[in-house]
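Residue-level listing of the chains:
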Amino acid sequence: MTPPAIAPPEDSPRSFADKSNKSAILTAIRFALRVESSAVRHNMQTFNRGRYTATAALPDYEALKDRARAIKENAIENLPALLQTLAESVHRNGGHFHLAADAVDAAGYVRDVCRAAAVRLVVKGKSMTSEEIGLNHVLEASGIEVAETDLAEFILQIADEQPSHIVGPAIHYSRQRITALFKRRFDTDLALDSGQELTAFARTRLREKFLSAGAGITGANLIAADSATLMLVESEGNIRMSSTVPPLHIAIAGAEKIVPTRQDFACFIELLAASSTGQPLTSYTSLITPPLRGAPVVADGPVTDRQFHLVIVDNGRTKMRDDPVLREALYCIRCAACLNSCANFQTVGGHAFGGETYSGGIGGSWEAGTRGLPQARFNELCTGCSRCINQCPVRIDIPWLNENLRHRLSQREAKLPARLRDALTGAPKEDRGVSLQKLFFGRYDHFGKWGARLAWLANPLGRLAPTRAILERAVGLDRRRSMPPFAAPTLVRSAKNLAPAPSTASTAKAVLFADIFTNFGSPARGLAAVKILRALGVDVIVSDCLPDGRAALSQGLIATATRQAQRTAEYLCKYLDEGREIVVVEPSVLAMFHLDYRRLLTSAKGAQQFDRLRAGTFDAGQFIASLLRRLRLDPAKIFPADRSPVGRRVFYHSHCQQKTVGCGSAGYDLLRAAGFDVATSQVECCGMAGSFGYKKEFYELSMAVGEDLFAQVRQADGDIPRALVVSGTSCAEQLHAGLGRPVLHLMQLLTDIVQPPT
Amino acid sequence: MNLIDQFQQAALAAAATVQRVPRDASAIAQAVSAAAVIDGVTAPRIAVAASQDLPADLLDAVRAFPNAVTDRTKTALARTDVGVTEAFAGVATTGSVCVSVDHEYAGPISLLVRQHIAILPADRIIQRPSDLLNPQVLGGVGLTRSFVFITGPSATADMGDLVRGVHGPHHLHIILLV
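Cut-offs applied
- Residues numbered from 1 in each chain as written.
- Chains lettered and ligands numbered in written order.
- Predicted model: local features only at pLDDT ≥ 70, side-chain atom pairs only at ≥ 80, totals over all residues.
- Heavy atoms only, no water.
- Helix = DSSP H or I, 4+ residues; strand = E, 2+ residues; numbered from the N terminus.
- Rg over C-alpha atoms; globule rule 2.2 N^0.38 Å.
- Contact = heavy atoms within 4.5 Å.
- Areas by Shrake-Rupley, 256 points an atom, 1.4 Å probe, with all protein chains shown as cover.
- Lys, Arg positive; Asp, Glu negative; His and termini not counted.
- Charge placed at Lys NZ, Arg CZ, Asp CG, Glu CD.
- Buried area = accessible area lost by both parts, 1.4 Å probe.
- Salt bridge = Lys/Arg side-chain N within 4 Å of Asp/Glu carboxyl O.
- Patch = residues over 30% accessible without salt bridge, like charges linked within 9 Å, V, L, I, M, F, W, Y side chains within 5 Å.
- Buried < 20%, exposed > 50% of the residue type's maximum accessible area, 1.4 Å probe, protein only.
- Pairing = 2+ DSSP bridges.
- Axes fitted to C-alpha atoms, helices over the stretch in contact; angles between N-to-C directions.
- Parallel < 35°, antiparallel > 145°, perpendicular 65-115°, else oblique.
- Left-handed = near helix turned anticlockwise from the far one by under 90°.
- Nonpolar A, V, L, I, M, F, W, Y, C, P; charged D, E, K, R; others polar.

K.L.:
How should I be thinking about the overall build of chain A in this particular structure?
P.N.:
A tally of helices and strands in chain A yields 35 helices and 18 strands. Expected size for 758 residues packed as a compact globule is a radius of gyration near 27 Å; at 28 Å, chain A falls within 12% of this value. In terms of principal-axis extent, the alpha carbons of chain A reach across some 95 × 75 × 55 Å. Within chain A, residue pairs in contact and separated by at least 24 positions form 77% of the contacts whose partners lie at least 6 positions apart. For chain A, the accessible area works out to roughly 28,300 Å², and carbon and sulfur atoms hold 54% of it. Separation of charge centres in chain A, based on 89 positive and 76 negative side chains, amounts to 5 Å.

What follows is the structure in structure tokens.
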């Protein structure tokens, strides 16, 4: 009999903070799923719900976002002048200003200031910038004690871990784990088994530090150049303590935090609170212009000579400013809405989906800018699901940044054979050298075409275990996943056999776009949509099949995606010229037309095409719903639910990108109006997110993300399972994998029951 | 809803307490005395910040409490239970009170104590936080002072549950002068 295995000590998250090595990402995901996921999920979903509620309560939310974006764009454009103005303002106020070129410079300056003032203990408020410059190590190496006073940072300092979130650095700690940590670390008989007790315990310990510290160090959420006013946002009171109680205050902030005037703070005050913690305001929003005039609290009678140092950190930001992609990241106000709204992030948090300091969708750009491109490799966890885009208060297109990082990383690491392969097959020069996996998923247009031609061979082969094993090894397609079988005939070919569209007295003129996923993988959906539209009197034809660029873009093949976008836009605009509206079955393709083409079609002509396509392309469900409204047709008569072959009780899950482009509820509303008993999902994304969940290295994460969705289905089921209805290709595979039940596409359900109007 | 009612509702939602009191020295003293209860103990140690906008005599009766703390050293303030300060503005949509932190000891007095009592004239309530950065509002006072929007007591979600009362006060009581 073997002795019971002794559990190995938990790996420290520090050991995989540096993600320049791909294996670190995989280790981190496994660790996070095993140890941190339940706390992360709970905390992230609480933040996420809070944000939706709080932003909905802002009457001018969209206008505030526009204003915030404009202020940041302008500030970054004029950064050199603002730095000059800010330095003058600080001096005028009687403070000291230092512009630090890099992390070493910044941390060294702070250390020297502390030494000169004979500081033995500093109290610190939460500051990601101080994490970025490694300040604590530098101070401690000089014998200066650093007390982290934000309770999350206090936990991390005890545990020696990096932040897992840019606003809530310890969101990966459950109350139970905090209790265990404190009991291990402190000699105490207290039970410490409630948040209340833990907080009281930390308060007592830190109160002593606040009162005896020689200096307080804070970050800054924003800085006004005209007055050198700092905006400091918090709830615990530790930043107020650190900035006002000790006689010396040192504020450290990245150069991107500067805005021209104090009045510019106005639009950020509510926007930041609502976007980040989902509150109307946090407990404390300080607008202070240090050094303060009021006296600091000292042991033996009042003194009045407060000192203030402002350290502005460059550390790569000037280079980011010169880079058209990373410049976008400088607009970030660190609210973490993109972290909180991200399904992957909600499941693993920033120890897996993050680097040494910065995490989440925006984190890749920050790690790339401040530490270097290889550190940004965790950007692979951005699936491009797009849920963060509308949540960003400064309208940063975060998936676009990550697609670019992916592209750059591929370029940097391209091996010669891959370059040769791509040169021989005619890949655009800029996209040469990508991995086979990225090529496989990014060029589904090629694989789909050949797969469909050879479907008689490819499909049976694809079901065989050895083929799956080979595919898993060669291109990283997880063998536990099943790709939709290649279709023969394709949508385009099947459409040729349809009767010509009725041309007289049509209710609308439309063209159904034969995207590569529908054409090669699921033509039945496209045909179903055509049949429904024709039943409603629409003169609808099916387009040729063109790659729209989605697959390529998601893998960072930006040049390929751009070429495809240009061709597709040119092609589709001809239909718009004919007066046809464009109906799209696959939501991720619709999102290309509504969002991504803005970035891909940059010429004047391209911009015009983007505007036309955005106005002229429609989600199939949305198109049908608005047609019914226009024709004053009752959905319950056109799509009588009692004729449904799967029954009236359905669970409808709408696609992530569909929600982002504003038609997430169209299918749900239509089913309800038709008389279905519909339950729907409350998740940001199913976890499949296009190709993401098919990849071997991300299979477990993808399934873990899906758990919330699966649970919602089970709950809505009750005693009798509901029929599953979706609007996207990959969501169907995910639901099928998670629940082992058939999944219907919305168009297939509707086509089975449609009754032409009388 | 008028600004005062809106303010009161938002302040309660932020876990503050609100009391309407006539603008009168003895009424204020009575209200402070009644509100200043820490852990069931009445007549705790009270520090009153120097007046900035309100007439000094409005708070003189409170300053004359037998348990008033006048010592401003850190040891004295850290042992003080209740801090009374003026609020120069209130925000209707968020229930925030705006307190100067660069006027004498108003900063530490509103921060180091267990309970903060803010005295807010009802005619200083504005609609939204951003209004305070408008030069036309309240004489542009929000553009020149160092101050803090205080919205409820200090709080944290870092310890697993929502906890009120962290490094700052555990309670925020707002005396609205009407």
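K.L.:
Before we go on, may I ask you to explain the interface of chain A and chain B in this structure?
P.N.:
How big an interface is tends to be reported as the loss of accessible area on association of its parts. The interface of chain A with chain B comprises 58 residues on the first partner and 51 residues on the second. Buried area between chain A and chain B, summed over both chains or domains, comes out near 4,400 Å², and the portion from carbon and sulfur atoms is 57%. Looking at the side of chain A facing chain B, the largest losses of area belong to Arg203(A), Arg240(A) and Arg262(A), adding up to 14% of the total buried there. Inspection of the region where chain A meets chain B yields three salt bridges.

K.L.:
Is there a simple way to explain a nonpolar patch on the surface in this structure?
P.N.:
Residues and elements named next belong to chain A. A surface patch of nonpolar side chains, about 630 Å² in accessible area, is lined by Trp450, Leu454, Trp456, Leu457, Leu461 and Leu464. By residue number, the principal contributor to the nonpolar patch is helix H20 (residues 455–463), which donates three residues. For Trp450, the position within the fold is in helix H19 (residues 444–453). Residue classification places Trp450 among the partly exposed residues on the basis of a relative accessible area of 48%.

K.L.:
Where do I start with the sheet that holds strand S9 (residues 125–126) of chain B in this structure?
P.N.:
Backbone hydrogen bonds are what pair the strands of a sheet, in a parallel or an antiparallel way. Taken together, eight strands build an open sheet; the order of strands is S8(A)-S5(A)-S6(A)-S9(A)-S10(B)-S7(B)-S6(B)-S9(B) and the sheet is mixed. Bordering the open sheet on either side are strand S8 (258–259) of chain A together with S9 of chain B, each of which pairs with just one other strand. Here strand S9 (residues 284–288) of chain A runs beside strand S10 (residues 147–150) of chain B; their pairing, made up of four bridges, is antiparallel. Within S10(B), the position partnered with Leu287(A) by the bridge is Phe147(B). On the sheet, helix H11 (residues 266–276) of chain A packs against strand S5 (222–224), strand S6 (229–234) and S9 of chain A together with S10 of chain B and is oriented at approximately 20 degrees with respect to S6(A).

K.L.:
Where do I start with the sheet that holds strand S12 (residues 538–545) of chain A in this structure?
P.N.:
Residue and element names in this part refer to chain A. With respect to topology, four strands assemble into an open sheet ordered S12-S11-S13-S14, the strand pairing being parallel. In the strand order of this sheet, the two ends are held by S12 and strand S14 (617–619), each with one partner. Neighbour-to-neighbour, the strand axes of this sheet turn through a mean angle of 35 degrees, independent of strand direction. Of the pairings in the sheet, the one linking strand S11 (residues 508–514) to S12 comprises six bridges and is parallel in character. Within S12, the position partnered with Ala510 by the bridge is Val540. The sheet contacts of helix H26 (residues 558–577) involve S11, S12 and strand S13 (581–584), and relative to S12 the element is tilted by about 160 degrees. Across the sheet, helix H28 (residues 604–616) touches S13 and S14, and the angle it forms with S14 is around 35 degrees.

K.L.:
Can you walk me through helix H32 (residues 666–673) of chain A in this structure?
P.N.:
All names here are of chain A. Those residues of H32 not exposed but buried are Ala666, Gly667, Tyr668, Leu670 and Leu671. Buried positions along H32 lie against S14, helix H29 (620–630), helix H30 (635–638), strand S15 (649–653), strand S16 (677–680) and helix H35 (746–753). In the segment just after H32, Gly675 is the residue with positive phi, at about 105 degrees.

K.L.:
Looking at this structure, I do not really get the packing of helix H7 (residues 151–159) of chain A against helix H8 (residues 175–185) of chain A. What am I missing?
P.N.:
Relative orientation and spacing of two packed helices are given, respectively, by the angle between their axes and the distance between those axes. All names here are of chain A. Between H7 and H8, whose axes approach to 11 Å, the crossing angle comes to 50 degrees. With respect to each other, H7 and H8 are oriented oblique. In this structure, H7 meets H8 at a crossing whose hand is left-handed. When H7 is examined against H8, the residues Phe154, Ile155, Ile158 and Ala159 are found in contact with a partner set consisting of Ile178, Leu181, Phe182 and Arg185. Each residue belonging to the contact of H7 with H8 can be placed in one class, and the counts come to seven nonpolar, no polar and one charged.

K.L.:
So what exactly am I meant to see when it comes to the side chain of Ser681(A) here?
P.N.:
Inspection of the secondary structure puts Ser681(A) in the loop between S16 and helix H33 (699–717). If near-sequence neighbours (up to four positions away) are discounted, Ser681(A) is found in contact with Phe651(A), Tyr652(A), His653(A), Ser654(A), Leu709(A) and Gln712(A).

These values are about where atoms sit, not about what they do.
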